[in-house]
Amino acid sequence: MNARFINSTLQNTSLIETNLEQSHFIQSIILQNDFNSACLRQADFLQAQIVQGNNFTNADLYQAKLTNEQFEGKKFTILKHDFRHARFPNGTFSLPNLSRNLIQNGNAEIDCLFNNQTAWTTNNYSIILSTDTIENDTSHWGNCSFILTAAIRVYQTIQLHSYKLLIDTNNARISFATFANCEQSYFEINMYRSDHILHQSKIYSKPIKSSNNTVMLQYGKYQYPLPIYTRYITIYFGIETFQIDRACYFDNIALFIF
């Protein structure tokens, strides 16, 4: 904090999570450094000679001072900065990839392809989550779905550390949507802090509507706030009571942050 870099060369330097609030970079070269999760609020780069190719992922640049050329990584050549999930000087954010599903293999295709369990875990370690090849009139559901034939819980944990600045400034929203063919199905989202304390939980045990494919029911909710200090989420799905004589299918499990 309040550091002054004068006639310095910072190149390929790790400054991860460093507090450089109100620091000044004077007649200095700032080239290809790692400012991941650094605090650079009100930092002044205006007198720096070169500011290029830096990793500002998840960095807080609120009210930092940079010229347009510095912001764009221009000097004699262009070496762009990485601003993923960063807060810009004007207070806006570099938004996450809105098309990226944070859940790994939510559509069962990978497990079906390799015939083994990948990202999902069952609460009964003697039971492996199964997949089944399905035939569809449309490509919307892919070729595979998860299948449950017993009342077990299946879960996956999603780390959110790289989104912490967006989350802790109360700017993060999430959407959760998924499909199942049994009305006894349920989905649960548990949100945890870094100290592993559960501070919010959402349960979806009632479908919100039928899909275009009348066999599948849609569960979830769109666009609700993600509590500050959330560092990871655990997604569960399963069957509340197994009182039917057919298997339950689950597919297209998706979680997005924006």
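In case you missed it, the structure is sitting above this.
Cut-offs and rules
- Residues numbered from 1 in each chain as written.
- Predicted model: local features only at pLDDT ≥ 70, side-chain atom pairs only at ≥ 80, totals over all residues.
- Heavy atoms only, no water.
- Phe/Tyr/Trp six-rings, centres within 6.5 Å; stacked < 30°, edge-to-face > 60°.
- Helix = DSSP H or I, 4+ residues; strand = E, 2+ residues; numbered from the N terminus.
- Buried < 20%, exposed > 50% of the residue type's maximum accessible area, 1.4 Å probe, protein only.
- Salt bridge = Lys/Arg side-chain N within 4 Å of Asp/Glu carboxyl O.

**A word on the packing of aromatic side chains**
Point 1. Evaluated as defined, the whole model comprises 18 aromatic pairs.
Point 2. Taking the centre distance of 5.9 Å and the plane angle of 70° together, the rings of W120 and F146 count as edge-to-face. Linking W120 in the loop between α2 (109-114) and β6 (121-122) with F146 in strand β8 (residues 144-148), this pair joins segments that are 26 residues apart in sequence. Considered together, W120 and F146 belong to a single accessibility category, that of buried residues.
Point 3. Their ring planes at 75° and their centres at 5.2 Å tell us that W120 and F237 sit as a pair that is edge-to-face.

**A word on the pattern of salt bridges**
Side-chain pairs of opposite charge can arise whenever the charged atoms involved come near each other.
Point 1. Taken as a whole, this structure holds nine salt bridges when the rule is applied.
Point 2. Here K164 and E17 are joined by a salt bridge, their closest N and O atoms 3.4 Å apart. Taken together, the residues span a long stretch of sequence, with K164 in helix α3 (residues 164-168) and E17 in the loop between β2 (9-11) and β3 (24-26) at a distance of 147 residues.
Point 3. Taking relative accessible area as the criterion, K164 reaches 18% and is therefore assigned buried.
Point 4. For E17, a relative accessible area of 45% translates into the label partly exposed.
Point 5. The salt bridge partner of D60 is R41, with a shortest N-O separation of 2.9 Å. With a gap of 19 residues between them, D60 in the loop between β5 (50-52) and α1 (68-71) and R41 in the loop between β4 (29-31) and β5 connect regions that are remote in the sequence.

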